Amino acid sequence: MQHSANTIFVSASGLVSFRPKVRNWLLNFAESQWHNAQLAIFYRENTLSQIKTQLSANTDNVIGFEPDWLVAIVDIASAAGDAIMTVYASDDYEVDVKTDDSPVTAADLASHNVIVAALNKLTPNIPVMSEESTTLAWEERKLWQSYWLIDPLDGTKEFIKRNGEFTVNIAFIHQGRAVAGVVYAPVLDKCYFGSLTGGAWLKNAGVEQALIKKSFENKAVPRVVGSRSHISPGLQSYLAALGEHEMKSVGSSLKFCLLAEGEADIYPRLGLTSEWDTAAAQAVLESAGGKVLQYGSEAALDYNQKSDILNPYFIAYAPHWE
Ligand SMILES: Nc1ncnc2c1ncn2[C@@H]1O[C@H](COP(=O)(O)O)[C@@H](OP(=O)(O)O)[C@H]1O
Ligand SMILES: [Mg+2]
């Protein structure tokens, strides 16, 4: 830890590793000494209130996630994106239909293979659950404290339509919460990543920026995002109750990322999704200060709490949305 005139520098892992008493002293000291004091996490800045929110969201401040893994999963998502783009460029692939009627291509499977091999190498003792792996018994996975939850190609319909709105999703789940994740859109060259104790970032065409709530504007009319290819049955009545709004249709988990980036305000999903569709992007959005709540409840969307893999309906809110 170092300090200068108006900033304390402390690494994310350093902050988490302090005992609660010391950590609280540090936060109180920063707040009492300097108006708008900031703690710099690594080389990027988060506001003090953002750090406090993240810490209080993790009551024991143990998220089971090593900070070094964030860089590793960004690299893994990038390699998976390359595997997808090889299939995309060939423009000659078969589209199979899975038992649940959803499409799957060689790109989904190529991405799955790249990610599973790399995660097994990174963390040999942490299980991996993938949309493309055979179903794992609930009796086994309910015992997991931590695991990787991946959707190797989210937005397969968008991949087939060639509109670029598909993503590679890798999430780390700890005790039922999505605590870290990466969402990579290879055609758009955008990579969103974050962890609850570190913050969230966007790498856009190689240029990295922190996703910080204070830099976002509140718009007079709420900007809503919804699925491009799947109809949510209750969405129309939700939108009618919301009143005047702008609506934008976007494929895949990119909808959450637009909220994290400050480009949209609300994502109501009053239709079905599976846990791998949401985990990585929820981690990014919540790391940026946003939230994803089960519809009609104040409870966050959670993971691995029941035998079926379907999410309840939910509403995601941008960090700046009150
Ligand atoms: N009826 C349904 N049941 C379960 N998941 C569904 C579904 N309809 C859509 N989805 C999920 O929604 C994802 C696409 O999100 P969106 O509609 O927001 O673009 C799909 O991801 P995949 O493309 O990975 O299969 C699919 O898993
Ligand atoms: Mg998906």
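These lines cover the structure that appears in this document, whether it is placed above or below. Nothing here was measured: the structure is a model prediction, and the numbers come from that model. (Residues numbered from 1 in each chain as written. Chains lettered and ligands numbered in written order. Predicted model: local features only at pLDDT ≥ 70, side-chain atom pairs only at ≥ 80, totals over all residues. Heavy atoms only, no water.)

With respect to the overall build of the protein
Which entries qualify depends on this criterion: Here a helix means four or more residues in a row that DSSP labels H or I, a strand means two or more in a row labelled E, and each is numbered from the N terminus. Here the term buried applies to any residue with accessible area under 20% of the maximum for its type, exposed to any over 50%, and partly exposed to those in between, with areas from a 1.4 Å probe on protein chains only. The contact rule is simple, with two residues in contact once any of their heavy atoms fall within 4.5 Å. A 1.4 Å probe and the Shrake-Rupley method give the accessible areas. Residues count as covered only by the protein chains that appear here.
The helix and strand tally for the protein stands at 10 helices and 18 strands. In the protein, which comprises 322 residues, the proportion classed as buried is 54%. Contacts in the protein between residues far apart in sequence, at least 24 positions, make up 63% of those at least 6 positions apart. Here the protein has roughly 14,800 Å² of accessible surface; of this, 52% comes from carbon and sulfur atoms.

Digging into the pattern of salt bridges
Counted only if it meets this: Should a side-chain nitrogen of Lys or Arg be within 4 Å of a carboxyl oxygen of Asp or Glu, the pair is scored as a salt bridge.
All chains considered together, the criterion is met by 10 salt bridges. We note a salt bridge from lysine 306 to glutamate 275, for which the minimum N-O separation is 3.9 Å. Here glutamate 275 lies in helix α10 (residues 275–287) and lysine 306 lies in the loop between β17 (291–294) and β18 (314–317), a separation of 31 residues in the sequence. Given a relative accessible area of 30%, lysine 306 falls into the partly exposed group. Taking the relative accessible area as the measure of exposure, glutamate 275 reaches 2% and is therefore buried. Where aspartate 308 meets lysine 306, a salt bridge forms, and the shortest distance between an N and an O atom there is 3.4 Å.

So, the site of ligand 1
The condition that has to hold: Any residue with at least one heavy atom within 4 Å of a molecule or strand is counted as near it. Throughout this description, a polar contact denotes any pair of N or O atoms lying within 3.5 Å of each other; where both atoms belong to protein, one of them has to be capable of donating a hydrogen while the other can accept it, and for residues adjacent in sequence the pair is counted only when both atoms sit in side chains.
If you check the shell around ligand 1, you find 17 residues, and the closest are Ser227, His230, Ser252, Lys255 and Arg269. In this structure, an oxygen atom belonging to ligand 1 sits 3.2 Å away from a main-chain N or O atom of leucine 153. Between an oxygen atom of ligand 1 and a side-chain N or O atom of aspartate 277, the distance comes to 2.8 Å. Contact with the protein chains covers 81% of the free accessible surface of ligand 1, which is 570 Å². Here the element with the most residues in the shell around ligand 1 is strand β8 (residues 146–154); it accounts for 3 residues.

Details of the coordination of the magnesium ion (ligand 2)
In a perfect tetrahedron of four donors around a metal, the angles come out at 109.5 degrees. In a perfect octahedron of six, they are 90 or 180 degrees. To keep it simple, the criterion reads: The donor set comprises N, O and S atoms within 2.8 Å of the metal, extended to 3.2 Å for Na, K and Ca; water molecules are omitted, so apparent gaps in a site may simply reflect that omission.
Taken together, the protein ligands of the magnesium ion (ligand 2) are Asp151 (OD), Asp154 (OD) and Asp277 (OD), with distances of 1.9 to 2.2 Å. One chain supplies every donor for the magnesium ion (ligand 2), spaced along it as D-x2-D-x122-D. Of the two residues, aspartate 151 sits in strand β8 while aspartate 277 sits in helix α10, which places them 126 residues apart along the sequence. Owing to a relative accessible area of 0%, aspartate 151 belongs among the buried residues under this scheme.

Notes on the nonpolar core
Just so we agree on the cut-off: The criterion is simple. A nonpolar core is a set of buried Ala, Val, Leu, Ile, Met, Phe, Trp, Tyr and Cys residues joined through side-chain atoms within 4.5 Å. The split into domains, and so the bounds of each, comes from an automatic or database assignment of domains.
Leu149, Ile173, Tyr192, Phe256, Leu259 and Tyr303 are the most contacted members of the largest nonpolar core, which has 38 residues in total. At the level of secondary structure, the elements contributing two or more residues to this core comprise β8, β9 (167–174), β10 (177–185), β12 (199–204), α9 (254–260), α10 and β18. Mapping this core onto the domain boundaries places at least three of its residues in each of domain 2 (68–207) and domain 3 (213–317). Not counting chain neighbours up to four residues away, the residues in contact with leucine 149 comprise Met129, Asn169, Ile170, Ala171, Ile173, Glu275, Trp276, Ala279 and Tyr303. Counting residues in each nonpolar core, the second largest holds 35 residues, with Ile73, Ala80, Ile84 and Trp148 among its members.

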